[in-house]
Amino acid sequence: MRDFICSKFSNVEPSGIRKINEKTLEMEREGKKIYHFEVGRPDFDTPKVIKDATIKSIERGDVFYTSNFGIMPLREAVAEKLREDNNLDYSAKEILITAGASEAIFDTYSLILEEGDEILIPNPCWPNYVNAAHIMNAVPVRYSLSEENDFQIDFNELEELVTEKTKAIVIITPSNPIGSMLSKETLENLADFAKRKDILVISDEIYEKIVYGTKKHYSIASFDEMKERTITINGFSKTYSMTGFRLAYIAAPEEYIRVLNIIHQHNTSCATSFVQHAGIVALKEGQEGAQKMLKEYKRRRDYIVEKVNSIDGLSLNNPDGAFYAFINIKGVGVSAEEFCKYLLDELCVALVPGNVFGTAGEGFVRLSYASSYEDIVEGLDRIEKACKHFMNK
Ligand code: PMP
């Protein structure tokens, strides 16, 4: 029989995060208690107002296809949110509602990437951006976000990486996996760069509401002449703990939205009808629930920063946002892979080796603190044990 699978899929790897998660599930089936720090899924229930709104919407009969663009009241509510929170001036017609940010990324890539086109992606980065580029037969070109550079963009490097084939640059702020944020100055420089090189910016702002104080989140599309060359992606999964609802949106100039909608129409038709209605309530009434979660993330993050920096061999810059600690383990003297394997096999602690997010992640592990405070305390004690084990060897 012929090989029917496209050759391009030989480049696409299953998510390293999922592989670890599968292993933990197997260990749990054997009756072991696992300390889960591997997945980027909020551990809180969705705020009650949002769940109630979903149920009411089903009962009311919002159970049919909607406009492929998304229901107008949600597009209007998103436009209002962008105006109020992000200083962005989009009309409802410049918003497309999608089934999750993952779909939004796929739609956006489908819109702009032709075979052989290059796209600048952070290193380290949440892996979907890289794998989706391979699926498009495009070339992911990685730019570094290094600890030495405070996880900001190095424009000398960017200058070397950009070619005539570069279509766009992806930014994620706050970052997955680093938890860092791009400063206003970096974003201003990036805006100049994008205009000078005539490339688009894909701005993933899904963690924008999960920030811890000193730094402010900026939307690059709000900068001078940037709206026309930015595609902003945002969603409900993280802020409102709605990962299973599958709801997100793209904000972009109307001519992009028109074609994005065609792509979206042919793979999803529309986001789930009653979930869209719940999305309106999330934007209008979900803030209290979101604030509660934020407060708890901050408590966990403060503990992690203090504890990690007290452990010999480890260091951690203050994460500014999201719910990830990107811990430098270079002082321990083993690879991130070996460190994570030992922790999972021997101590039942699930972390993700930094190299899953790109070569620049070697020497780091990602700890997702969307996990209970008690588990974090115990998990970090076990991580300390692992450090002692390796350093006394
Ligand atoms: N962007 C980033 C940076 C993410 O971390 C994630 C989820 N891990 C997504 C997008 C996808 O979110 P959604 O649930 O909306 O597909």
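Residues numbered from 1 in each chain as written. Predicted model: local features only at pLDDT ≥ 70, side-chain atom pairs only at ≥ 80, totals over all residues.

For the protein chain, the name recorded in an unreviewed UniProt entry is Aminotransferase, with Peptoniphilus porci as its organism. Check the Sequence similarities (unreviewed entry) section of the UniProt entry for the protein chain; it says "Belongs to the class-I pyridoxal-phosphate-dependent aminotransferase family." Under the Cofactor (unreviewed entry) heading, UniProt states for the protein chain: "pyridoxal 5'-phosphate". (UniProt positions renumbered as here; feature names shortened; annotations may be inferred.)

(A) Fine view of helix H9 (residues 273-285). In this model H9 runs 19 Å from its N-terminal to its C-terminal C-alpha over 13 residues, within 8% of the 18 Å that 1.5 Å per residue would give. Burial runs high along H9: ten of the 13 residues are buried. Considered for burial, the residues of H9 that qualify are Phe274, Val275, Gln276, His277, Ala278, Gly279, Ile280, Val281, Ala282 and Leu283. Looking at the buried side of H9, the elements it contacts are helix H2 (48-60), helix H3 (72-86) and strand E2 (95-98). (Helix = DSSP H or I, 4+ residues; strand = E, 2+ residues; numbered from the N terminus. Expected span 1.5 Å × (residues − 1). Buried ≥ 20, exposed ≤ 12 C-beta atoms within 10 Å, placed from the backbone. Contact = placed C-beta atoms within 7 Å.)

(B) A look at the domain arrangement of the protein chain. Each assigned domain of the protein chain is listed with its residue range as follows: domain 1 (7-46 + 288-391) and domain 2 (48-285). In this structure, domain 1 and domain 2 have C-alpha centres spaced 25 Å apart. In this complex, domain 1 contributes 37 residues to the contact, which on the side of domain 2 involves 37 residues. Take the side of domain 1 that touches domain 2: its biggest share by element is seven residues, from helix H10 (residues 287-310). When its residues are assigned to classes, the side of domain 1 that touches domain 2 shows 16 nonpolar, 13 polar and eight charged. (Domains from an automatic or database assignment. Nonpolar A, V, L, I, M, F, W, Y, C, P; charged D, E, K, R; others polar.)

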